[in-house]
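Okay, here's what each chain looks like letter by letter:
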Amino acid sequence: MAEADHKILSAEIKLGSQYYFYMETQTALAVPDEDNCIVVYSSIQAPEYAESTISRCLGIPEHNVCVITRRVGGGFGGKAMKAIPVATACALAAYNLRRPVRMYMNRKTDMKTTGGRHPMEVTYNVGFKEDGKITALHLDILINAGIGTDISPIIPLFMVGAIKKYDWGAFSFDIKVCRTNHSSKSAMRGPGEVQGTFISEAVIEHVASVLSMDVDSFNMCNKWRQRGISRVPIVHEVLLRSNPGKVSILGDGSVAVEVGGIELGQGLWTKVKQMTAFSLSAIKCDGMGDFLDKIRIIQANTLSLIQEGLTAGSTTSECSCEAVRICCNILVERLTRIKENLQEQMGSVEWGILILEVEVNLLTGQTTILQSDIIYDCGQSLNPAVDLGQIEGAFVQGIGFFMLEEYLSNSDGLVIPEGTWTYKIPTIETIPRQFNVKIMNSGHHKKRLLSSKASGEPPLLLAVLVHCATRAVIKEAQKQLLRWKGLNESDSTFQLEVPATMSIVKKLQCLL
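Residues numbered from 1 in each chain as written. Predicted model: local features only at pLDDT ≥ 70, side-chain atom pairs only at ≥ 80, totals over all residues. Heavy atoms only, no water.

Asks: Would you explain the overall build of the chain in this entry?
Replies: Scanning the chain for helices and strands turns up 11 helices and 16 strands. Over its C-alpha atoms the chain spans a radius of gyration of 26 Å, differing by no more than 12% from the 24 Å that the globule rule assigns to 512 residues. If one aligns the C-alpha atoms of the chain with their principal axes, the spans along those axes are about 95 × 60 × 45 Å. Burial statistics for the chain: of 512 residues in total, 54% are counted as buried. Just so you have it, the chain exposes about 23400 Å², and 55% of that area is on carbon and sulfur atoms. (Helix = DSSP H or I, 4+ residues; strand = E, 2+ residues; numbered from the N terminus. Rg over C-alpha atoms; globule rule 2.2 N^0.38 Å. Buried < 20%, exposed > 50% of the residue type's maximum accessible area, 1.4 Å probe, protein only. Areas by Shrake-Rupley, 256 points an atom, 1.4 Å probe, with all protein chains shown as cover.)

In structure tokens, the structure reads:
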């Protein structure tokens, strides 16, 4: 910090929460079985965790508990830990009553109990030289974990990884995970990384603002409509997890496949099915026809596949496909030997980049995304159509976090929104008017599973650009007004809250 020509001290950033808003709320069905067993059908991203918890709650061995998950109607992390209490309560009632019990949460209850993304308060000190080179950065971060621990202790790890995408010189931080009277917060798509990405960009833009390093000629010619454009890099550390798989070839040639990964709508089953067909096609048998029609993916069952783990982190599809590929290679090797013996007897026979343009109505505060151009490196995509949907969906969900979704709590820590009437998620009116996404194939890479890259969470980090571009618009509007008043333009330093809703943007304009 001593080497810096300029310093910004005790600047503050506040980041709010975000609700998962999956289509299917928390739900479970428990059915008592013979031999003091119980079967639980749960909408959960981690069936194995539910099995262990139910076992301890009922006081029975884990082999007496079977958790089955056919599919999950949207998760984003909200069906990982938060689904366990629902499944366990349902199992307890069914076990004691000796009759089937079904539970589900309506949207109002789900919003009040599931928590969501971690709110944060950040104070930073940054030193930098006249040419913009940052020499030091110190962060003091308070993370609102709510009433329970959940996965909150690991959030700082993900945050620091995202913040360190830039060379800050001397970098230090003090991160505290705080227990509060709010509902317990949990992992949500890109946990910690979304906030870390925004913090780093906010610091960079603050430094640039002080040094007056940006300019926009379009806004000089327009009085009531202003535009902003911004570019940011992202870094996403991918963590690989072990994942089981089982491939069975039946007597009629049809194939049953089981994997540890859960289908959440991310296209996991589609990719697994394709990988099975591709790997087994090496047998080259006559009459195989459209082999995809002969393959069925079986629902997750904790007593059939052990140590299924957690479906999260954007890599479960790749890990599941790799497990299936290994199984298929073993089967191909065995069947090839059998085929050869029969012939002898018969004599013959994914980095990412986004450029985005927004327009802000200075009278109403409405922000319109005119165009977004995403180029995303999926490596050697297992299914470009599925990955395209993941990229678009993650980016739009990020727009909700940075621009729309106010997941507020009152003084008692109770969630205020009760549904879509008061909680606004992205719609057709808020997504980019021209939404361009290009998937780049960077080819084979021996250190990546199947040469594929993650597509579920990293694109969400790109949505920070919408907030940055909106801030650029407001800044230019402030400069324009200061010029009209004959004041110094360097006074136009401000913080734009997250989410930057219409009312917040309009309020900033009213302060001009």
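Asks: Whenever I open this one, the state of the cysteines confuses me. Can you help?
Replies: By definition, a disulfide links the sulfur atoms of two cysteines through a covalent bond. Across all of its chains, the model carries 0 disulfides by this definition. Among the cysteines around Cys378, which has no disulfide bond, Cys321 carries the closest sulfur, lying 13 Å off. (Disulfide = S-S within 2.5 Å.)

Asks: Could you clarify how one ought to interpret the pairing of strand S7 (residues 134-146) in this entry?
Replies: Counting buried positions over the 13 residues of S7 gives 10, a clear majority of the element. Both strand S6 (residues 120-128) and S7 contribute to a ladder of 9 bridges, which runs antiparallel. Bridge pairing in S7 links Asn125 to His138. Between S6 and S7, which pair antiparallel and follow one another directly, the connecting turn spans 5 residues, one of which, Gly132, has a positive phi of 95 degrees. (Pairing = 2+ DSSP bridges.)

Asks: When you look at unusual backbone geometry in this model, what are you seeing that I'm missing?
Replies: Phi is mostly negative for residues that are not glycine, and the peptide bonds are mostly trans. Here the amide bond leading from Val498 into Pro499 is cis, since omega sits at 5 degrees, within 30 degrees of zero. Along the chain, Pro499 falls in the loop between helix H10 (464-485) and helix H11 (502-510). One non-glycine residue with positive phi stands out, namely Phe21, at about 50 degrees. The topology assignment puts Phe21 in the loop between strand S1 (6-15) and strand S2 (27-33).

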